[in-house]
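Residue-level structure breakdown
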Amino acid sequence: MLNISHQKVGKKVHEQFELHSLNTLHTPRSAVILKRWLIGISIVLLIVMFLPWQQNINGKGDLSALAPQDRPQTVQNAIAGRIEKWVHKEGDFVKKGETIIIISEIKDDYFDPKLPQRLQEQLSAKQAAIESYKAKIAALSNQIAALHKNQQFSLQKARNKVTQGLAKVTADSTDVVAEQVQLAIAQTRFNRGDDQYKNGGIISLSEWESRKLKLQEVKAKLVSYQNKQAISKQELINARIELNSINADYAEKISKAQSDQSSAYSSLAAGDYELAQLTNKIANVDIRRQQYHVKAPQDGYIVRAIKMGIGETIKEGESIVTLQPANPQMAVELFVKAMDVPLIQEGREVRLQFEGFPALQFSGWPSVSVGTFGGIVKVIDRVDSKNGEYRLLVVPKPNDEPWPHQLRMGSGVYGWVMLDNVSVWYEVWRQLNAFPPSLKRNLRKMKNQDRKRRRNKIGRNQKARDQQ
């Protein structure tokens, strides 16, 4: 009964004696079954602990586009205006350059319907004025050239006149000298005759009177020649003064013509400036009139109208509608914690679960997951985005099940970035201690990059030495 002996007598005792207490002493069968289940489960869990487990980093994000131009955008108008007509409505597909709405002008500077025609008339008038300025400049240039030529001619003429005056003064001076000699001779003869007449009557009275008359004539002629010489000298002085005044006179005329020419050049420059302004204004008016039709910047769907009412005014650069580009290259914006970013590299595989699509995800065993889709890390932001998290851009994985075509921009996404394979017990231990995932692959990659950089540096140094 106490199971001291190897001989079992419990069965015989139960057959001979019906004792209730003996029936309560044996181990219940349910306990034995429970023990066996617990042992089996423990063995299974122990085996599971040594199974491979793929580490992962989970995150949450939204569906977006890889290229910025493929993401939803707002369409703005370039000018202020009033909505006159909606050509398309929400949900319509529009092609690039197709008109979405038509607006009208609200600025009084552009109310005139014939504004381009009037600007063209102003442009023609300004061009004619510029041609007149050019003609005036050419005429003044010719006038200045003629003045320079006339100045040279007048100077040559004045120089000739001075030369003539010098010659005349010289001739008159010679005449004066000759008359002075004649006067001296006549005076000598008169003195001799006067002495002869008074002291002996050698000469007659008529001879004495003749010599006296000759002396008077020579004196008169000398005075005449001296006067003529004085006049010649005055004429020479006047010729020299005239020669000097020619430069001053022509300098004044040439300066005035050059001043008029400078004024014409200034007017021409002002005309060119006004012409450029008119040309610019005409171009701006033409472009502004083209802005009355707000067009789609690219192919896409009109998602939402921001300004709606007919007659409603809009400001410059104000958003009118939201446009979703057609056929965008889908990507997932996945946000992960900052502590997990160093473990992620471009090209890492990602498993994605889209909202609205049923899925059963085993993060450690992606091969048995159901309803998830594959992706590849394409971009890792270098600055945090929100709440200290970093954004990953994930694109579809090649040669994997394509993403559903029903996906829409902004849909929620859950993602798991797949890392290295470890044992289940290691992953449980890591999670309990809040340790980061394994860095083995990342460390190997960093070492390989360091070795590659060192090799490149040695190669560059060797090349530099060879060149020297």
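Cut-offs and rules
- Residues numbered from 1 in each chain as written.
- Predicted model: local features only at pLDDT ≥ 70, side-chain atom pairs only at ≥ 80, totals over all residues.
- Heavy atoms only, no water.
- Helix = DSSP H or I, 4+ residues; strand = E, 2+ residues; numbered from the N terminus.
- Buried < 20%, exposed > 50% of the residue type's maximum accessible area, 1.4 Å probe, protein only.
- Contact = heavy atoms within 4.5 Å.
- Pairing = 2+ DSSP bridges.
- Core = buried A, V, L, I, M, F, W, Y, C linked by side-chain atoms within 4.5 Å.
- Expected span 1.5 Å × (residues − 1).
- Bend = angle between axes of the 7 residues up to and from the residue.
- Patch = residues over 30% accessible without salt bridge, like charges linked within 9 Å, V, L, I, M, F, W, Y side chains within 5 Å.
- Areas by Shrake-Rupley, 256 points an atom, 1.4 Å probe, with all protein chains shown as cover.
- Salt bridge = Lys/Arg side-chain N within 4 Å of Asp/Glu carboxyl O.
- Polar contact = N/O pair within 3.5 Å; in protein donor to acceptor, adjacent residues only side chain to side chain.

Quick notes on the overall build of the protein
In terms of helices and strands, the protein carries seven helices and 14 strands. Buried residues in the protein amount to 31% of all 468 residues. Restricting to contacts in the protein with at least 6 residues of sequence separation, those with at least 24 account for 78%.

Description of the sheet that holds strand β2 (residues 73-76)
Pairing is antiparallel across the open sheet formed by four strands, whose spatial order is β2-β9-β7-β4. Here the strands that pair on one side only, and so sit at the sheet edges, are β2 and β4 (93-94). Where strand β7 (residues 300-305) and strand β9 (residues 319-325) come together, five bridges link them in antiparallel fashion. Bridge pairing in β9 links A305 to V321.

So, the nonpolar core
Core analysis: the biggest nonpolar cluster contains 21 residues, and V332, I344, L352, F354, L392 and W403 have the highest contact counts within it. Of all the secondary-structure elements, those providing two or more residues to this core are β1 (52-65), β10 (330-336), β11 (349-354), β12 (373-380), β13 (390-396) and β14 (412-423). If near-sequence neighbours (up to four positions away) are discounted, I344 is found in contact with I57, V336, V377, I380, L392 and V417. One finds I83, I100, I302 and V321 within the second-largest nonpolar core, a separate group that totals 16 residues.

Focus: the environment of V395
For V395, the position within the fold is in strand β13. What makes V395 buried here is its relative accessible area of 12%. Residues V395 and M330 lie 65 residues apart in sequence; the distance between their C-alpha atoms is 6.7 Å. The residues contacting V395, other than those within four sequence positions of it, are L66, M330, A331, G375, I376, K378 and W403.

Concerning unusual backbone geometry
One non-glycine residue with positive phi stands out, namely N327, at about 50°. Structurally, N327 is set in the loop between β9 and β10. Even without being glycine, N399 reaches a positive phi, approximately 60°. Positionally, N399 belongs in the loop between β13 and β14.

Structural notes on helix α5 (residues 205-290)
Residue pairs spaced three or four apart in an α-helix point in one direction, given the helix's 3.6 residues per turn. Here α5 is 86 residues long and its end C-alpha atoms lie 125 Å apart, about the 128 Å a rise of 1.5 Å per residue gives. Its maximal kink placed at S245, α5 deviates by approximately 25°.

Digging into a nonpolar patch on the surface
On the surface, I33, W37, I41 and L45 cluster together to form a nonpolar patch covering roughly 430 Å² of accessible area. Within the secondary structure, W37 is located in helix α3 (residues 29-49).

Describing the pattern of salt bridges
Taken as a whole, this structure holds 16 salt bridges when the rule is applied. Of the charged contacts in the structure, one is a salt bridge between E105 and R288, with a shortest N-O distance of 2.8 Å. Linking E105 in the loop between β5 (99-104) and α4 (115-198) with R288 in helix α5, this pair joins segments that are 183 residues apart in sequence. For the residue pair E105 and R288, the accessibility class agrees, reading buried in each case. With a closest N to O distance of 3.2 Å, K397 and E349 form a salt bridge. In this pair, K397 is assigned in the loop between β13 and β14 and E349 in strand β11, connecting sequence segments 48 residues apart. Because the salt bridges share partners, they merge into one network encompassing E349, R351, K397 and D400.

Overview of the sheet that holds strand β3 (residues 81-86)
Two orientations exist for strands paired in a sheet by backbone hydrogen bonds: parallel and antiparallel. In spatial order, the strands read β6-β5-β3-β8; together these four strands make up an open sheet with antiparallel pairing. Strands at the two margins of the open sheet, each flanked by one partner only, are β6 (293-295) and β8 (313-314). Where β3 meets β5, four bridges bridge the pair, whose relative direction is antiparallel. Considered in β5, the bridge of I83 is made with I103.

Quick word on the side chain of D381
Here D381 lies in the loop between β12 and β13. Owing to a relative accessible area of 18%, D381 belongs among the buried residues under this scheme. Reaching out from D381, the side chain makes a polar contact with the side chain of R391 at a distance of 2.9 Å. Look past the residues within four positions of D381 in its chain and what remains in contact with it is Y390 and R391.

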